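Structure at a glance
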Amino acid sequence: MSGSLPFYQKHHRHYDRGYRNKEMASKMSQYQSSSSSSSRYFAGSSTSATSSSSSRGLKVSSHSGLEESRLSPIPKRTKPTYLAVDKENQIIGYVVPIFRGSQEFATGFSDTGESRVRDMARRDLFSSGLEMERSEQISRKQAMRESADRISLSKRIHEHEEHFKRMNEDSLMHPPEFVIKPRSHTVWEKQCVRLHCTVSGWPDPRVVWYKNNVAIDPMANPGKYKLESRYSVHSLDINRCDFDDTAQYRVSAMNSKGELSAFASIVVKRFKGEVDEFLPAPRHGPVSEYGITFQTHIVDKFGVSFGREGETMSLGCTVVIYPSLHLYQPEVQWYKDDVLLSPSKWYQMRWSGDRATLTLTHLNKEDEGLYTLRVTTKSGYETYSSYVFVRDSDAEVEGAPGAPLDVRCLDANKDYIIVTWKQPAVDGGNSIMGYFVDRCEVGTNHWIQCNDTPVKFARFPVTGLVEGRSYFFRVRAVNNSGMSHPSRVSEPVAAMDPADRARLRGTSAPWTGQIIVTEEEPAEGIVPGRPLELQVTEATKNYVVLSWKPPGEKGLEGVMYYVEKCVSGTDSWQRVNTEIPVKSPRFALFDLAEGKSYSFRVRCCNPAGVGEPSDPTEATTVGDKLDIPSAPSKVVPTRNTDTSVVVSWAASSDAKELVGYYIEGSIVGSNVWEPCNNKPVNVTRFICHGLMTGEKYVFRVRAVNAAGLSQFSPESEPVEVKAAIGGGIPHASPAPPYGISVLECVRDSMVLGWKQPSFIGGADITGYFVDYREVIDGVPEKWHEANIKAVSERAYRVSDLMENRKYQFQVRAANMAGVGIPSLASDTFLCEEWTIAVPGPPHDLQVREVRNDSLVLLWKPPVYQGRDPVNGFYIDIKEADAPEEAWRGVNNKAREKTYMKITNLKEGEVYIFRVRAQNKAGVGKTSDVTEPVSAVTKPGTKEIVVDVDDDGIISLNFECCDLTPDSKFVWSKNYEEITDPSRLTMETKGNKSKAVFNTPGEEDIGIYSCIVTHTDGASSSYDLSEEELKRLLEVSHDHKFPIIPLKSQLAVELLEKGRVRFWLQAEKISADGKVDYVFNENLISQGEKYKMNFDKSTGVIEMIMESLTPADEGTFTFQLKDGKATNQSSLVLIGNVFKELQKESEFQRKEWFRKQGPHFIEYLSYEVTPECCVVLKCKVGNVKKETSALWYKDGREIKADEHLSFTEGVLKLEIAQCDSPADTPDCDVTWRRIKISKRDSGVYEVVLKDDRGKDTSTLNLTDQGFKDLMNEVFSFIANSSTPLKITSTDEGIRLYTFVNFYNDLLQVTWHYKESAIAFSDRIKSGVVGEQLWLQITEPTEKDTGKYAIEFHDGKGGLRRTVELSGQAFDDAFAEFQRLKAAAVAERGRARVAGGLPDVVTIQEGKALNLTCNISGDPVPKVTWLKNDREITSDDHCILKFESGKFASFTITAVNTSDTGKYSILVKNKYGTESGDFTLETTEGTPDLGVTSYWTDADGNVVFGPNTPKEKRKESMAKAAKMKEDKKERKSEGSEEQKNEIKVDAAAETKASDSKQTGDVKKDSADQSETSERPADTTEEPEPEAETTQPK
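Presented here is an overview of the structure given in this document. (Residues numbered from 1 in each chain as written. Predicted model: local features only at pLDDT ≥ 70, side-chain atom pairs only at ≥ 80, totals over all residues. Heavy atoms only, no water.)

1. So, the overall build of the chain
So the rule is basically this: Secondary structure follows DSSP: runs of H or I at least 4 residues long count as helices, runs of E at least 2 residues long count as strands, and numbering of each begins at the N terminus. With a 1.4 Å probe rolled over the protein chains alone, any residue whose accessible area is under 20% of its type maximum counts as buried; one over 50% counts as exposed, and the rest are partly exposed. We call two residues contacting when some pair of their heavy atoms lies within 4.5 Å.
When you go through the chain residue by residue, the secondary structure sums to 13 helices and 103 strands. Across the 1591 residues that make up the chain, the buried fraction comes to 44%. Of all intrachain contacts in the chain linking residues separated by at least 6 positions in sequence, the fraction that spans at least 24 positions is 66%.

The following block contains the structure:
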């Protein structure tokens, strides 16, 4: 780089880097060395331009005619064109319309044809039109014949060549060869240039054009490049050349036989103005500059300058050129904002031989900008730039705005001129109301105001001009305080049609060797046709501009136009210009109603009449279509120098026709804003100069277009004004890069990669420069520059190398402070094409997000892909101090992405990494290893935090505590820097940066990372997964549309006295919370009907209504609002819901009144006690001593205990079965009984009453009510049942269970193998006491299986089961056999059935006859004993045994000797039994002949008629005692049996089957399966009197 420039100048478009290519520099020196070469250049350029213009028809280049006039009065060749005009439609030459057919005819003239054209041109100047037309017709015919002959001949030659090639193809095949190579060109800026060449070869070569070894794609730059190939001639057209087109161009031709390239250079040179107005003057006098290299230095430079409007300012620099040659004059040029300046009344330029001066004679805001001095010699050029600021002059009225600027005239026509301007930066503190446009006719000093009311739009069509006269224009701004100074006047412009202006100026055009041939003469008497392509080109609320094209047919001379308008929706067309027709095909309409829609049409007219109207336009609404731009954003100030700050900002979104931006600055705390620029800048970065060192400033920006100025952007963060670059370091340029390696190598180029310098200087690296040199036999040659423009990537392809040659490379880094020193020379690399199948090494490895146990490794894919594309990467890791054998892979499967998070690192360990690429052929070379990285989390390291603010905006936030003044936050997605602001908006304030999601969606899923530059690797990342995005969107929705959380929704409840309470509760609500109560979309308020209450401490909101009426049916809503948060809850009360609520409310109201007296708290119900008793109960309240309770059944009063039980307010009545009191009036009624039957069903009622009122409760225990009651009783019985047991009897096997209670209505079902048992004589069931049994008589093996008893309770029932099989059956069956045998023996045993008294007292002489029953099988043997001695029958004691059943004992006449103990002994094989009695004798009484005895139930004699009273009492007492003892023995036996059963039941396992199955059919009490209940009471027989006949 030649010369030192302030760093900020490189950020402006005017900045030019020196030509780094010596070949280009030599081209420029050749141009300057010889005037003859200039002449040749212009001749060639003119020929080229003329040739290109001929293909375009009516237009030629703006300088072709003038150039040719200077070079030769008669051109060698005349091209067929029409009127030649420049950009301002001025005639610069005349051309002849030879033939309007195809270009092919127009370009094929011979020399003879050219002579005829010249003759015809001369004749045209002096002969009549008839002769000219006849000559033109003859020339056309001749040209057509000659052209047709040439086409026919060419066709035959081509067919012959093609035939020959097909017949002898192999012998003609040869590699490409350049017959004509492209030649180099030096051209002016904005000129067109063509490179062309002729290539031979067979097969036809494929031709590709390259610029700096990059293939040219015309589609990538539409309109810039044009490629043509015709008949082996190939050309490249470059349109409107600029500095970037200065390059080396290569054309490559390739076919199957080989490849060949040719080179040409293009140097683009800047010029002073248009080519046709100014050309470099040839040098005068001898100059000995050949072979000399000039060194140019610009010293004594002008700095940043400040001035005011109206002042004069001079800018100057001293230029030192070494060596100094006499009479050698460098080319000195001045530029403003990249535009070459020419001397004028505003600019005066002076060159004194060593000092260049530019004087601004009268400063205006238009003069503000970047001024550049450029000094050019044959060895190159040197530039210097600095900024000039122009402030507004003091206003005449305090508070008046600044003057507008940059007044221009556009679209000048006969009828109007559109004037445009730019709004000022200073509005005086009040908004600008609008602008006034003034005009002044050239040659006068009289200014006329063009508009009566100020216009806000910075564009205005001025009408009422005199055709043909020229005008100046100026603009003034106005606000409430007053009028501004007028702007600088515009350039003069004439009010005339552009074609008229060209014709007028063309009358004095110099002779160019070309002839003017006008269009056809107008046809007289023809009415013109319709105008074409009518359209609205501009529409504001003040005016509408129409444009159209004249009709296409003849007769256009003298055509004028009438414009008509029509309000949309109507058919009424009004002519706008009724008096004077419009001459121009454009027209501006005023006085249109704003907001209305109009359609327009145009008619042509001439002396022959008015033509048909054009097609109407679409409906156009009158109003400003251009909107004021939106405010810029993200204003970021950056320290620059000790008096300047670099301010950057984000452009206005969707701004149309943007003019630029104004920047304002303010010292923090002053609240005084000063403009930093008074001329809009159209970039988003600006250097604000003239600031006070050490002060802190804030900045704001606003955009401007023709519609007005936008709102100001948000203020920036404060920034302190002090120097930023270097930070006190003497050398602020970067350190040299290192680690240069080859990434790819082909035959003539190599791709290099290198590592970033360890020290980047005082600013970010802006690019790199690569140098190379050839090494021959180990000796390096001179260094050559590989790239002119800095490359931003750390990889670059060095082209134009020689195959199989060795090279070394060095790299230099550059930043805003300059270019650093070069790196050490790289290793020597051989330039040979890589042919390996595997890919090359990845490069540019970077380590980020280093933590104690992880880090992120990034890399770039290899430049050399190998035979196939790269499909993955492998990462290797190794401890830094470990041997090479310690390398190990991180991933076993190839990774497609170019980044990876490496985990499971050991804290404090130092690692190095490398990467390998893979394709189908295999794994390629390893990359260079990274620098050693220690796995340690640096103190103060922060992580990215995701946040959702109150507006629902999702953002990623990163904070860095180690910022430097030059640090920047760089956000990336998937580790690629985010440059598209459509998805994310980045904001940075202080040491915090935020990335805001604009419209979060699935396309935002990925890994987001942020790295802070100029720090020690501060970085972090955040993985936004699909699940996390879904969660964030839900949170965002909740924040964007906040809802007051509710603990409970709107509910309704009934209060005391039947009042209705609507209520809800919010979780949290502030003191500012409000509630609206809505009923059927109507607000309701506090009143007699509604009572509202809002407890903000608890969040309870309630509304109470005394009662509900039919009018209250509808929807109730509570609407809550607390700041931004809202919520509402509704309750719909319609239809049955409302009716039920209203009914319940009325019921509660009545209940309240009911409870004012004695009342039932709990109504009458029943309860089955654990004792299986049914108790009716109710709970009463508000009773007193006088309160009475009456019980009724079926409407009939029943008696209960005299003292009602009011314990705890509960009344009870135990249901009992008894006869009606009317049936047994004399008995005491006992209402408690163990059993309940159908007789107890009925309607029970309790009545409470006293002097305060009465209350009634009723319980219906009929039908279903009684069934439900009994089912509950049955459930108690079933649950009290014991597990099913097995026992044996002498008849068979019995299954049984005990219940605590039993009722005759209980229904049970016995099951055998899941089937109900059909009872028979063999299988019976029954009930004995509380025992339910199933008797299987004479069981067999067929009776084995599972048995169950099922209790029916109306619900699920209860089932008890037992398994009668196996050992259980065998044991039971054996016991049955034993008992059966025992029963048989018992039944056959000899027995004394009765008839013998215990004591017989008889008088002496009486006869005694005793008979007893004897049983036994076989018939027992009877023996009588007296005093234990056997007696035999005789006359005195007669013993008889009759019929085997009756044994009699008779004493014919009792005497005292008969007194004693007598016994009867009966005996058979089954046993023996005896019966005893005692005989007592007394002294006799008169014998009546018969003695009677009383016997007991067993046949014993108790007493007789003659028994003494004492004895009788004793005998009766003794008999009673014997009876009681017998009952006790019987009872004890029963208790022992029960106890045995209970013990067995307790020992039985609880696994008995208690499954309840099915519903039980409620059979009537007389079903066949009903258990047979034997009588459990026997009536004692009356004593029988035995009569004994004495002997």
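2. Overview of the side chain of Thr1187
Filter applied, for reference: N or O atoms closer than or at 3.5 Å make up a polar contact, with two conditions inside protein: a donor-capable atom paired with an acceptor-capable one, and, for residues adjacent in sequence, both atoms drawn from side chains.
Inspection of the secondary structure assignment puts Thr1187 in the loop between β78 (1174-1181) and β79 (1188-1193). By relative accessible area, which is 7% here, Thr1187 ends up buried. Only 2.9 Å separates the side chain of Thr1187 from the side chain of Asp1250, close enough to count as a polar contact.

3. Things to note about the sheet that holds strand β11 (residues 258-269)
Where we set the bar: Only strands joined by at least two bridges in the DSSP assignment are considered to pair.
Taken in spatial order, the five strands make up an open sheet running β4-β11-β10-β6-β7, and their pairing is mixed. The sheet terminates laterally at β4 (185-188) and β7 (214-215), the two strands that pair on one side only. In terms of strand pairing, strand β6 (residues 206-211) meets strand β10 (residues 247-255) through six bridges, oriented antiparallel. The residue bridging Trp209 from the neighbouring strand is Val251, located in β10.

4. Observations concerning the packing of aromatic side chains
As a reminder, the rule being used: Here a Phe, Tyr or Trp ring, Trp counted by its six-membered ring, pairs with any other such ring whose centre lies within 6.5 Å, and the pair is stacked when the planes are under 30 degrees apart, edge-to-face when over 60, and tilted otherwise. Whether a charge lies above a ring is judged from NZ of Lys or CZ of Arg, which has to be within 6 Å of the ring centre and within 35 degrees of the ring normal.
Inspection of every chain in the model, using the stated rule, returns 34 aromatic pairs. Pairing Phe389 with Phe686 gives two aromatic rings, centres 6.1 Å apart and planes at 85 degrees, and the pair type is edge-to-face. Taken together, the residues span a long stretch of sequence, with Phe389 in strand β20 (residues 380-391) and Phe686 in strand β40 (residues 685-688) at a distance of 297 residues. Comparing Phe389 with Phe686, the two get one shared label, buried. In textbook terms, an aromatic cluster arises when at least three aromatic residues are bridged by ring pairs, as seen for Phe306, Tyr387, Phe389 and Phe686. The ring of Phe712 has Arg700 lying over it, and the distance from NZ or CZ to the ring centre is 3.7 Å. The lysine or arginine in question, Arg895, covers the ring of Tyr899, its NZ or CZ lying 5.4 Å from the ring centre.

5. Describing the sheet that holds strand β17 (residues 347-351)
This is how the line gets drawn: Inter-axis angles, ranging from 0 to 180 degrees, are taken between N-to-C directions of lines fitted to C-alpha atoms, where helices are fitted over the stretch in contact.
Reading across the sheet, the four strands line up as β12-β14-β18-β17 and stay open at both edges, with antiparallel pairing between neighbours. Looking at strand neighbours, the two that pair on one side only are β12 (295-299) and β17, the edges of this open sheet. Looking at each pair of strands side by side, their axes are set apart by 20 degrees on average, direction ignored. The sheet contact formed by β12 and strand β14 (residues 313-322) spans five bridges and is antiparallel. Note that in β14 the partner of His297 across the bridge is Val320.

6. Concerning unusual backbone geometry
For residues besides glycine, phi is generally negative; the peptide bonds are generally trans as well. The omega torsion of the bond from Trp202 to Pro203 falls at 0 degrees, within 30 degrees of zero and hence cis. Examined against the element boundaries, Pro203 turns out to sit in the loop between β5 (193-202) and β6. A cis amide bond, omega -5 degrees, links Tyr322 with the succeeding residue Pro323. One non-glycine residue, Asp406, lies in positive phi territory at about 55 degrees. Within the secondary structure layout, Asp406 lies in strand β21 (residues 405-410). Judged by its relative accessible area of 16%, Asp406 falls in the buried class. The phi dihedral of Asn974 is positive, around 50 degrees, even though this residue is not glycine. Structurally, the position occupied by Asn974 is in the loop between β63 (969-973) and β64 (976-977).

7. Things to note about helix α11 (residues 1264-1279)
Applicable threshold: Expected span of a helix: the number of residues minus one, times 1.5 Å.
An ideal rise of 1.5 Å per residue puts 22 Å on 16 residues; α11 measures up with 22 Å between its terminal C-alpha atoms. Every buried residue of α11 is listed here: Gly1265, Phe1266, Leu1269, Met1270, Asn1271, Val1273, Phe1274, Ser1275, Ile1277 and Ala1278. Against β77 (1159-1168), β78, β83 (1253-1261), β90 (1345-1351) and β91 (1358-1364) lie the buried residues of α11.

8. Topic: the nonpolar core
To be explicit about the condition: Nine residue types can take part in a nonpolar core, namely buried Ala, Val, Leu, Ile, Met, Phe, Trp, Tyr and Cys, and a core is a set of them joined through side-chain atoms within 4.5 Å.
Counting 48 residues, the largest nonpolar core has Leu1164, Leu1176, Trp1191, Leu1211, Tyr1347 and Phe1351 as its most contacted members. No other element matches α11, which puts seven residues into this core. Non-local contacts of Leu1176, meaning those with residues more than four positions away in its chain, are made with Leu1164, Ser1165, Tyr1166, Trp1191, Leu1211, Lys1212, Leu1213, Ile1215, Tyr1244, Leu1259 and Leu1261. By size, the runner-up hydrophobic cluster in this structure holds 26 residues, among which are Ala1066, Tyr1077, Phe1118 and Leu1120.

9. Some remarks on the pairing of strand β97 (residues 1437-1442)
Sheet topology note: the β97/strand β98 (residues 1446-1451) ladder contains six bridges and is antiparallel. Within the sheet, the bridge partner assigned to Leu1439 lies in β98 and is Phe1449. Taken together, β97 and the strand that follows it, β98, pair antiparallel across an intervening segment of three residues, in which Ser1443 is found at a positive phi of about 55 degrees.

10. As for a negative patch on the surface
Note the cut-off: Patch membership needs two things, relative accessible area over 30% and no salt bridge, and members are linked within 9 Å if like-charged or within 5 Å if nonpolar (Val, Leu, Ile, Met, Phe, Trp, Tyr). Here the Shrake-Rupley method, with its probe set to 1.4 Å, supplies the accessible areas, and only the displayed protein chains count as covering residues. By definition here, a salt bridge exists when the distance from a side-chain nitrogen of Lys or Arg to a carboxyl oxygen of Asp or Glu is within 4 Å. Here the positive residues are Lys and Arg and the negative ones are Asp and Glu; neither His nor the chain ends is included. To locate a charge, the coordinates of NZ of Lys, CZ of Arg, CG of Asp or CD of Glu are taken.
On the surface, a cluster of negative charge is made up of Asp748, Asp800, Glu803, Glu832 and Glu833. Here Glu803 lies in the loop between β49 (795-798) and β50 (806-815). Judged by relative accessible area, which is 39%, Glu803 ranks as partly exposed.

11. Some points on the environment of Leu465
By secondary structure assignment, the location of Leu465 is in the loop between β25 (459-463) and β26 (470-478). In the structure, Leu465 is positioned 24 residues away from Glu441 in sequence and 9.4 Å away in space, judged by C-alpha atoms. Those residues in contact with Leu465, other than ones at most four positions away along the chain, are Lys414, Tyr416, Ile417, Arg439, Tyr471, Phe473 and Ala495.

12. Let's talk about the pattern of salt bridges
The tally for this structure, following the rule as stated, stands at 56 salt bridges. One salt bridge connects Lys549 with Glu533, and the closest N-O pair in it is separated by 3.4 Å. Separated by 16 residues along the polypeptide, Lys549 in strand β29 (residues 544-549) and Glu533 in strand β28 (residues 532-539) bring together distant segments of the chain. Residue Lys549 is classed as partly exposed on the basis of its relative accessible area of 44%. The exposure class assigned to Glu533 is exposed, which follows from its relative accessible area of 54%. Arg797 is paired through a salt bridge with Glu744; the nearest N and O atoms lie 2.6 Å apart. Of this pair, Arg797 sits in strand β49 while Glu744 is found in strand β44 (residues 738-745), placing the two residues 53 residues apart along the sequence. The class of Glu744 is buried, set by a relative accessible area of 12%. Within this structure, Glu564, Arg575, Arg601 and Arg603 form a network of salt bridges that share partners.

13. Points about the pairing of strand β55 (residues 872-879)
Burial within β55 is extensive, with eight of its eight residues counted as buried. Alternating positions in β55 separate into two faces, Gly872, Tyr874, Asp876 and Lys878 on one and Phe873, Ile875, Ile877 and Glu879 on the other, with burial throughout. Here eight bridges tie β55 to strand β58 (residues 910-919), and the two strands are oriented antiparallel to one another. Note on β58: the bridge partner recorded for Ile877 is Phe913.

Read these as geometric descriptors, not functional statements.
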